[in-house]
Amino acid sequence: MIREINSGDYRQLMELYLHLHETDIPDYETAAETWEYILAEKNYHIIVAEKDGKIVSSCTVVIVPNLTRGPRPYARVENVVTHADYRGKGLATACLDRARETAVAAGCYNIALLTGSKLESTLKFYENAGYKQEKTGFIQWL
């Protein structure tokens, strides 16, 4: 099942993020303000794939209001992750498809993502999901 997160998903989502780049799960009390903000923010969407009652894949899509292009918003995707035991089953692709649907419904003129991966398999995965390498990305870590 592909769906958006709900208030009871904190622990499972954070456990899934251990397959992304996290090394531990923040105490709920520490992250509570951010978690509540995410749940309440209409332009912030965490899409999850649930299998056997467990969250096993996810991506985040944020709709950004914009004064250009009509004015039309744009969308950014982050935190694409699938539990190691569930990779290669189309779950991340299904999450990205839902993210695209969310962006289209919001009237976005584009949806973009960045990846730090140089693995050919990862880059091919994003291409197969409909993304193209068209722009040069720059990041300033803060």
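**So, the packing of aromatic side chains**
So, step 1. With the rule as written, the count across this model stands at five aromatic pairs.
So, step 2. Summarising the aromatic geometry, the rings of Tyr10 and Tyr28 are spaced 5.1 Å apart at their centres and angled 80° between planes, so their arrangement reads as edge-to-face. Separated by 18 residues along the polypeptide, Tyr10 in helix H1 (residues 10–17) and Tyr28 in helix H2 (residues 28–40) bring together distant segments of the chain.
So, step 3. Tyr10 sits in the buried class, given a relative accessible area of 8%.
So, step 4. Seen from their ring centres, Tyr74 and Tyr109 are 6.4 Å apart, and the 75° between their planes marks the pair as edge-to-face.

**Describing unusual backbone geometry**
So, step 1. Note the cis peptide between Gly70 and Pro71, where omega equals -5°.
So, step 2. For Pro71, the position within the fold is in the loop between strand E3 (54–64) and strand E4 (74–82).
So, step 3. Here the phi dihedral of Asp52 falls at roughly 55°; this positive angle occurs in a residue that is not glycine.
So, step 4. Examined against the element boundaries, Asp52 turns out to sit in the loop between strand E2 (44–51) and E3.
So, step 5. Of note, Asn79 is a non-glycine position whose phi angle comes to about 55°, a positive value.
So, step 6. Inspection of the secondary structure puts Asn79 in strand E4.

Basis of the calculations
- Numbering of residues starts from 1 in every chain and runs along the sequence as written.
- The model is predicted, so local features are restricted to residues of pLDDT at least 70 and side-chain atom pairs to those at 80 or more, both for listing and for counting; the totals for chains, interfaces and linings are taken over all residues.
- Calculation of side-chain values draws on the structure's entire complement of heavy atoms; hydrogens and water are dropped beforehand.
- Whether two aromatic rings pair depends on their centres lying within 6.5 Å, for rings of Phe, Tyr and Trp, where Trp uses its six-membered ring; planes under 30 degrees apart make the pair stacked, over 60 edge-to-face, and the rest tilted.
- Note on conventions: DSSP H or I runs of at least 4 residues are helices, E runs of at least 2 residues are strands, and numbering of each starts at the N terminus.
- Only protein chains enter the accessibility calculation, which uses a 1.4 Å probe; a residue is then buried when its area is under 20% of its type maximum, exposed when over 50%, and partly exposed in between.

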